[in-house]
Amino acid sequence: MATPLIQISGLEKAFTSNESWLSQWRFRHGKLTRHKDSIHALNGVNLTINQGETLCVVGETGCGKSTLARAIMGLTTPSAGEIHYLDQRIDQLNNRQRMFFRRRMQMVFQNPYASLNPRMTVYQTLSEPISFHNPQFSQSQVDEKIDELLESVGISASSSDRYPHEFSGGQRQRISLARALSVEPDFIVADEPLSALDVSVQAQVLNLMMDKQEERNLSYLFITHDLAVVEHFATRVAVMYLGRICELAPTGTLFSAPKHPYTQALLSAIPRLDSNTAQPIRLIGEVPTPTEKPIGCVFQARCPYANQRCYEASPAMTLQSDGSSVACHAIEEGRL
Amino acid sequence: MNLLSVSHLHVNFHMKEQELAALIDVSFTLNRGERIAIVGESGAGKSVLGFSIVNLIGKPGYIKSGSIKLENKEITKMNLRQLQEVRGKRIAMIFQDPMMTLNPVLTIGDQLVETIRSHTKISYKDARNIAIEKLHHVQIASPEKRFDQYPHELSGGMRQRVIIASVLLLNPDIIIADEPTTALDVTIQAEILQLLLAICRDNGVALVLISHDLGVVSKVAERTLVMYAGHVVEEGPTLEIINDPQHPYTQGLLNALPQMTLPGQRLNQIRGSMPSLAERPSGCAFHPRCPYATQKCRQEQPRFIYSGVSSVACFLVEDMLNEFADKDKEAS
């Protein structure tokens, strides 16, 4: 088998929640002690992304999806673990060393209103990465490239001297995609790129992303909470909960036979159009904030099948007969 | 008699350079205990309609013409005092973002008690009991404890429950919910929708659900209004609209959903995007994006007619109906 494009092993990230020095002091048992609170956003993520595939990461708010994306892109330094791009380790590079990988990996952000500079025209936004990464390009070559890019995302080249506010949300998201494509990457991380868009415009952007994937053999890491989009677009799906992956499966398998209790609840909660009125599986409570490093299974607090073992030991990802991997004691023991 | 009837409502925004029409000739009725949905993309005028029902449209917007009747009382002609009687007590509203709706510097309890006491003359203690009972009603665990907490101490889903409780305090006849679950995760969304549905059913409260999510709408509403650029373009029973959409916009909206195409296939997109208020096209507002548009669509505004499935404003449907009528005549 070909080497995976991205390989992540044991990735962890903790954020300090009381950043200021003064708020770290506590008066306890007659003593003044210093202590840092931290939020554990990622708790040991193992994941591979193959070339040409779309890996979707789904999960609720606060499960660490965006932190994972940012860690891969090098926008935040992981506390532990390794990230490899083909055979090179990329999680501890300095800015200069990272430059090569910035060309290979690009990111599209959630809110196209915030991720485009309002004071730069579309031409400026696109010419910056092109001429920076291709210093040998002449002015006319840069112009040509910009026209070609804009046409390819369905925006007329004549509007390149307009500012972001003159475009609609969908057009802005297409400009963001054009910016990501401008350096001809192999891999694009898209962090909820559709959630600020309307249904009809969502379809336009999603179609464009699929076209580009076909043209350039792109790989995507697609982060979303919209499971309908996942079912349509993903090659494989990773379901995240509290900074860990609890199920990883090919899309068809995941939607036809979800295994992890959390995945089952998540899928049953999608409001579908068909008149099938199956009651969603009710989960008690909401995603807790991980201030303590979780002991045992991350889902135990809301899981209807949790037993003593789930509180004590963290389940490992085990490969099932149909190609999916699940981290759950209940499945391992055959209780579920 | 209808509980609420809106007829020929026009809402304009008075801007420096021009008058912008946000709602054009909107009419609908709502019966006691009925649940209707208003769907459309951003900029369609859904929220403006929701606000207009309780006359909450602030400057520069104003109700230009038309009437909104609650039973037989005209809301558009009420003074502030009369409006305050209606707001909250007869018609209550739930907004999209629960964090923005709750006051961050007051406890949950204070806000609930304030709501009751500004409408009815009762003691703090009685008001507190009502508030706790309602918090219990919306399935908040240990309501006595929550009563003294601040909004930031609750999670998003919990806050939306508190808001639903606050809406129930005065036993309104109508709840207007403007995208009540958009800010929530899918598992929480399912719970809040079930709660809202149960409350409306049990207490005979009518619901106006404003949403862009057709999946959500199909689970909650009996009747649906589809809006586009300030017009109602289609109205009918929710199931009929979803199974047999008549207006090309409704068809496009449904076909654009990822579940309507096989995985990996291209989605059926609607070309272009919703026009802004200032650039409303002539004739049928949907014609630049419509695959069936004709010369007539570019020039004239279609009337609202009943197609046998739903009421639609579209020449395509109208022409088809006329054709059938002619054939019927010939046959007889």
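Residues numbered from 1 in each chain as written. Chains lettered and ligands numbered in written order. Predicted model: local features only at pLDDT ≥ 70, side-chain atom pairs only at ≥ 80, totals over all residues. Heavy atoms only, no water.

(A) Highlighting the sheet that holds strand β5 (residues 54–58) of chain A. Residues and elements named next belong to chain A. As summarised here, the arrangement of the eight strands in space is β8-β9-β10-β5-β11-β12-β14-β13, forming an open sheet in which the pairing is mixed. The sheet terminates laterally at β8 (105–108) and β13 (318–319), the two strands that pair on one side only. Across two bridges, β13 lies against strand β14 (residues 325–326) in antiparallel orientation. Each bridged residue has a counterpart across the sheet, and for Leu-319 the counterpart in β14 is Ser-325. Along the sheet face, helix α10 (residues 261–268) touches β5, β11 (236–241) and β12 (244–250) and points at about 105° away from the line of β11. (Pairing = 2+ DSSP bridges. Helix = DSSP H or I, 4+ residues; strand = E, 2+ residues; numbered from the N terminus. Contact = heavy atoms within 4.5 Å. Axes fitted to C-alpha atoms, helices over the stretch in contact; angles between N-to-C directions.)

(B) Structural detail: the sheet that holds strand β7 (residues 88–89) of chain A. Residue and element names in this part refer to chain A. The strand order across the open sheet formed by four strands is β4-β1-β6-β7, and the pairing between neighbours is antiparallel. Two strands in the sheet have a free side with no partner beyond their single neighbour: β4 (38–49) and β7. Where strand β1 (residues 6–16) lies against strand β6 (residues 80–85), five bridges are found, and the strand directions are antiparallel. Bridge pairing in β6 places Glu-12 opposite Ala-80. Packed onto the sheet, helix α1 (residues 65–73) meets β1, β4 and β6 and runs at close to 115° relative to β1.

(C) Fine view of a negative patch on the surface. All names here are of chain A. Together, Glu-144, Asp-147, Glu-148 and Glu-151 make up a region of like negative charge exposed at the surface. For Glu-144, the location among the structural elements is in helix α5 (residues 139–152). Residue Glu-144 is classed as exposed on the basis of its relative accessible area, which comes to 55%. (Patch = residues over 30% accessible without salt bridge, like charges linked within 9 Å, V, L, I, M, F, W, Y side chains within 5 Å. Areas by Shrake-Rupley, 256 points an atom, 1.4 Å probe, with all protein chains shown as cover. Salt bridge = Lys/Arg side-chain N within 4 Å of Asp/Glu carboxyl O. Lys, Arg positive; Asp, Glu negative; His and termini not counted. Charge placed at Lys NZ, Arg CZ, Asp CG, Glu CD. Buried < 20%, exposed > 50% of the residue type's maximum accessible area, 1.4 Å probe, protein only.)

(D) Highlighting the side chain of A:Thr224. Residue and element names in this part refer to chain A. The residue Thr-224 is located in strand β10 (residues 219–224) in this model. Here Asp-226 takes part through its backbone nitrogen, which lies 2.9 Å from a polar atom of the side chain of Thr-224. What Thr-224 contacts, discounting residues up to four positions off in sequence, is Val-57, Val-58, Gly-59, Lys-65, Glu-192 and Val-230. (Polar contact = N/O pair within 3.5 Å; in protein donor to acceptor, adjacent residues only side chain to side chain.)

(E) Local environment of the UniProt feature "domain: ABC transporter" (unreviewed entry) in chain B. With numbering matched to this structure, UniProt assigns "domain: ABC transporter" (unreviewed entry) to residues 6–254 of chain B. Overall, residues 6–254 of chain B shows 41% helix and 27% strand. The separation of its end C-alpha atoms is 27 Å. (UniProt positions renumbered as here; feature names shortened; annotations may be inferred.)

(F) Highlighting the interface of chain B and chain A. Each side of the interface is counted separately: chain B has 45 residues, and chain A has 35 residues. Between chain B and chain A the total buried area reaches about 3200 Å² when both faces are included, carbon and sulfur atoms providing 55% of it. Looking at the side of chain B facing chain A, the largest losses of area belong to B:Asp185, B:Val186 and B:Thr187, adding up to 17% of the total buried there. At the boundary of chain B and chain A, one finds one salt bridge. For A:Asp211, the salt bridge goes to B:Arg266, with nearest N and O atoms at 2.5 Å. Counting across the chain B and chain A interface gives ten residue pairs in polar contact (both at pLDDT 80 or more). When contributions to the side of chain B that touches chain A are tallied by element, the ones reaching two or more residues are α7 (156–168), α8 (186–203), α9 (214–220) and α11 (248–255) of chain B. With seven residues, the top contributor of residues to the side of chain B that touches chain A is α8(B). Its residues assigned to classes, the side of chain B that touches chain A comprises 17 nonpolar, 19 polar and nine charged. (Buried area = accessible area lost by both parts, 1.4 Å probe. Nonpolar A, V, L, I, M, F, W, Y, C, P; charged D, E, K, R; others polar.)

(G) Inspection of the environment of B:Leu254 at higher detail. Mapped onto the elements, B:Leu254 comes out in helix α11. Looking at B:Leu254, the relative accessible area reads 3%, which means it is buried. C-alpha of B:Leu254 to C-alpha of B:Pro60: the two residues are 194 residues apart in sequence and 34 Å apart in space. Leaving out residues up to four positions away in the same chain, B:Leu254 has contacts with A:Leu273, B:Leu214, B:Ile241, B:Ile242, B:Pro245 and B:Met260.

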